[in-house]
Amino acid sequence: MIIVVFALLLIKKSDTISILTGTLNKLKTSFNDLDEQAKLIVKTDLELNRAQEELDKRIGGLESLQKISRLISTTLDEDEIFHRLDIALKSDLGFEKNLILIYDKEKRIRVRSEDGFSQDELRFIVSNLEKDSSLIAALGEGHTFSSVTSPAQRKELIVGLFNVEHFVISPVLTQNGIIGMMFVGNRSNALSITEGDEELISILANQIGQSLENARLFEQVFTSSQQLETKIQDRTKQLATALEEVQKISKTKTEFISAVSHELRTPLTSIKGYAAILMTGKLGAIPDEVKARLEKINTHSDNLVKLINDLLDISRIESGRAEMNYGKCNLLAMIENINDLLTPQMKEKNITWKTELAANIPEMFLDSSQIERVFINLVGNAVKFTPIDGTIQIKAELDAEKVTITVSDTGIGIKEEDILKLFDEFYRVENEINLNVKGTGLGLPLAKKIVEAHNGQLWVTSIVTEGTNFHFTLPTKKEDVIKKESLET
Ligand code: ADP
């Protein structure tokens, strides 16, 4: 019995032991799992820390990039850009060595900003880069190289050239290609460089390229605008001298015309006088044939006197010696008068006379006989150069300061090239009508001078074969009419 009990107890104990062993094994496995998980957590934590560090570095780098970009993009002066870079690269980027090399105008490599290099090192770098252009050629294709991503051979070359362990080198590019390069590097192994640094320097070098390009374009525009300004000043001086010359010549011409006209007038008056005496028959009977000739002498003399008087008036107005008899004048009545005066000639050609006159034109202040000459000349010409059954219209418009008169006709019109010379003295357009009708080419220059003496303007618009419009303005205020100094004399 005891043995049986003992055996039963033993069996139970061994069951318990095997249960315990199983539990122990399970615990072991769990413990191992936990250990693995703990290791994983530590590893993940380390990786997270590293990622955080990398992220912090990138954020720091981006902030520096933003700051430097702002600094260099807010000036258009190339020297100032490098001055700002000098300060910013040292304080903001955190590399042991910084270098910016830029080509000068003679295509030589120049150190424009540096930190951490000795003069010997710089000389070595520049002379080697000038000797061996393979690195520059590769950079010129837009590649950025770093100790992280460069092929071994290139890495070795750059490390040797710049005397560093870790580096990034990036081209400074403009639209015209490579103009230089930017280099950063660290000597100590503890300060390694990441792909983030490579990206950062590449962006910064790009930004430097853009800022330099803007500065150079600005410089170019500035220089050419200065050159242009100098040219304009020179040309203005030349024009002023030429104008002075023209004014001198014009004055001499006016004086000459005035002198000659005076000289011509005296003998002409005698010729007219003698012809008149002869015509009276007081010196003996005059045969009809001689009488006819004497009448011709009289008519031609009259024409000549008119021509000389016009010439004298032009030169007097031009030189400011004209005496204008200013007074009150009713313009509408004057236009009515002109119509009466020229009605016979218009009737001959069955020309229709039309007017479109502003009702409220005030009493004007002007030299009536001179302005009447202007009207007679313009309307007379309109009649002369308008074929039968045509129309002549006088329009008078009023605004705050002036009356604008337009004399329009439906005549032969005037070509653009003739319009340019129309107000030159003695200019007459070569046409059928002018071949048959006499004229002096003085009417329009005189009319223009008279209007200008009243401080108005006279101009012409025309369409060949459709008709011509002569326009002129007259100030409505007395003080505007006599404003010109020359008229006060
Ligand atoms: P003239 O009438 O004595 O020739 P003007 O100085 O008055 O001199 O005119 C100069 C020229 O301008 C005229 O010969 C004529 O060819 C041209 N001209 C003037 N008025 C008109 C017009 N209304 N239509 C066409 N041509 C004109």
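Structural notes, computed from the coordinates. (Residues numbered from 1 in each chain as written. Predicted model: local features only at pLDDT ≥ 70, side-chain atom pairs only at ≥ 80, totals over all residues. Heavy atoms only, no water.)

What follows is about the packing of aromatic side chains. Using the criterion set out here, one finds six aromatic pairs in the structure. With a centroid separation of 3.9 Å and 10 degrees between ring planes, the pair formed by Phe-162 and Phe-183 is classed as stacked. Of this pair, Phe-162 sits in helix H5 (residues 152-162) while Phe-183 sits in strand S5 (residues 177-186), placing them 21 residues apart in sequence. Put simply, the rings of Phe-117, Phe-162, Phe-167 and Phe-183 touch in pairs and so form one group of aromatic residues. The residue whose ring lies beneath Lys-107 is Tyr-103, and the NZ or CZ to ring-centre distance is 5.3 Å. A cation over a ring is seen here: Arg-154 above Phe-145, with NZ or CZ 4.8 Å from the ring centre. (Phe/Tyr/Trp six-rings, centres within 6.5 Å; stacked < 30°, edge-to-face > 60°. Helix = DSSP H or I, 4+ residues; strand = E, 2+ residues; numbered from the N terminus. Lys NZ or Arg CZ within 6 Å of the ring centre and 35° of its normal.)

With that out of the way, let us pick up helix H6 (residues 195-280). Under the 1.5 Å per step criterion, the end-to-end length of H6 is 121 Å for 86 residues, consistent within 8% with the ideal 128 Å. Of the residues one or two after H6, Gly-281 is the one with positive phi, at around 85 degrees. (Expected span 1.5 Å × (residues − 1).)

This part takes up the site of the ligand. Neighbouring the ligand are 22 residues; Asn-381, Asp-409, Arg-428, Asn-434 and Leu-444 lie closest to it. Here an oxygen atom of the ligand sits 2.9 Å away from a polar atom, N or O, in the side chain of Asn-381. Here Asp-409 contributes a side-chain N or O atom positioned 2.9 Å from a nitrogen atom of the ligand. For the ligand, the accessible surface in isolation is 530 Å², of which the surrounding protein chains cover 97%. Elements that contribute at least two residues to the shell around the ligand include exactly helix H9 (368-384), helix H12 (443-453) and strand S12 (467-475). (Near = heavy atom within 4 Å. Polar contact = N/O pair within 3.5 Å; in protein donor to acceptor, adjacent residues only side chain to side chain. Areas by Shrake-Rupley, 256 points an atom, 1.4 Å probe, with all protein chains shown as cover.)

Turning next to a nonpolar patch on the surface. Taken together, the side chains of Met-1, Ile-2, Val-5 and Leu-9 present a nonpolar region at the surface, about 490 Å² in accessible area. One can find Met-1 in the segment before helix H1 (2-73). (Patch = residues over 30% accessible without salt bridge, like charges linked within 9 Å, V, L, I, M, F, W, Y side chains within 5 Å. Salt bridge = Lys/Arg side-chain N within 4 Å of Asp/Glu carboxyl O.)

Attention now moves to the side chain of Asp-409. Checked against the element boundaries, Asp-409 lands in strand S10 (residues 402-409). In terms of polar contacts, Asp-409 uses its side chain to reach the backbone amide nitrogen of Gly-411, at 2.9 Å. Those residues in contact with Asp-409 that lie beyond four places of it in its chain are Ala-382, Thr-386, Thr-391, Ile-392, Glu-466, Gly-467 and Thr-468. (Contact = heavy atoms within 4.5 Å.)

So, on to H9. Taking 1.5 Å of rise per residue, the 17 residues of H9 would be expected to cover 24 Å, and the 24 Å separating its terminal C-alpha atoms lies within 8% of that figure. Taken as a whole, H9 has its buried residues at Gln-370, Ile-371, Val-374, Phe-375, Asn-377, Leu-378, Val-379, Asn-381, Ala-382 and Val-383. (Buried < 20%, exposed > 50% of the residue type's maximum accessible area, 1.4 Å probe, protein only.)

The subject of this paragraph is the pattern of salt bridges. As enumerated under the stated definition, the model contains 18 salt bridges in all. A salt bridge links Glu-80 to Arg-84, with the nearest nitrogen and oxygen atoms 2.8 Å apart. Of this pair, Glu-80 and Arg-84 both sit in helix H2 (residues 78-93), separated by four residues, roughly a single helical turn. Look at Glu-80 and you get partly exposed, because its relative accessible area is 26%. When the shortest N-O distance is used, the salt bridge between Lys-402 and Asp-399 registers 2.5 Å. With relative accessibility at 34%, the residue Asp-399 sits in the partly exposed group. Through salt bridges with shared partners, a single ionic network connects Lys-306, Asp-310, Asp-313, Arg-316 and Arg-373.

Below, the discussion takes up the packing of H6 against helix H7 (residues 288-319). The contact between H6 and H7 brings their axes to 8 Å, and the two run at 155 degrees. Compared by their axis directions, H6 and H7 come out roughly antiparallel. Relative to H7, the crossing made by H6 is left-handed. (Axes fitted to C-alpha atoms, helices over the stretch in contact; angles between N-to-C directions. Parallel < 35°, antiparallel > 145°, perpendicular 65-115°, else oblique. Left-handed = near helix turned anticlockwise from the far one by under 90°.)

Pairing in this open sheet of five strands is antiparallel, and the strands run S2-S1-S5-S4-S3 from one edge to the other. If you trace the sheet from one side to the other, it starts and ends with strand S2 (109-115) and strand S3 (145-146), each paired once. Where S3 and strand S4 (residues 166-174) come together, two bridges link them in antiparallel fashion. Paired with Phe-145 across the strands is Ile-169, a residue of S4. Lying over the sheet, H2 contacts strand S1 (97-103), S2 and S5, oriented at roughly 35 degrees with respect to S2. (Pairing = 2+ DSSP bridges.)

If you trace the five strands from one edge of the open sheet to the other, you get S7-S9-S10-S12-S11, paired in mixed fashion. If you trace the sheet from one side to the other, it starts and ends with strand S7 (352-357) and strand S11 (458-463), each paired once. Between one strand axis and the next, the sheet turns by 15 degrees as a mean value, whatever way the strands run. When S11 meets S12, the two strands line up antiparallel, connected through six bridges. Across the sheet, Leu-458 pairs through a bridge with Phe-472, a residue of S12. Across the sheet, helix H8 (residues 331-348) lies against S7, strand S9 (391-398), S10 and S12, angled at about 170 degrees from S7, the strand it touches most.

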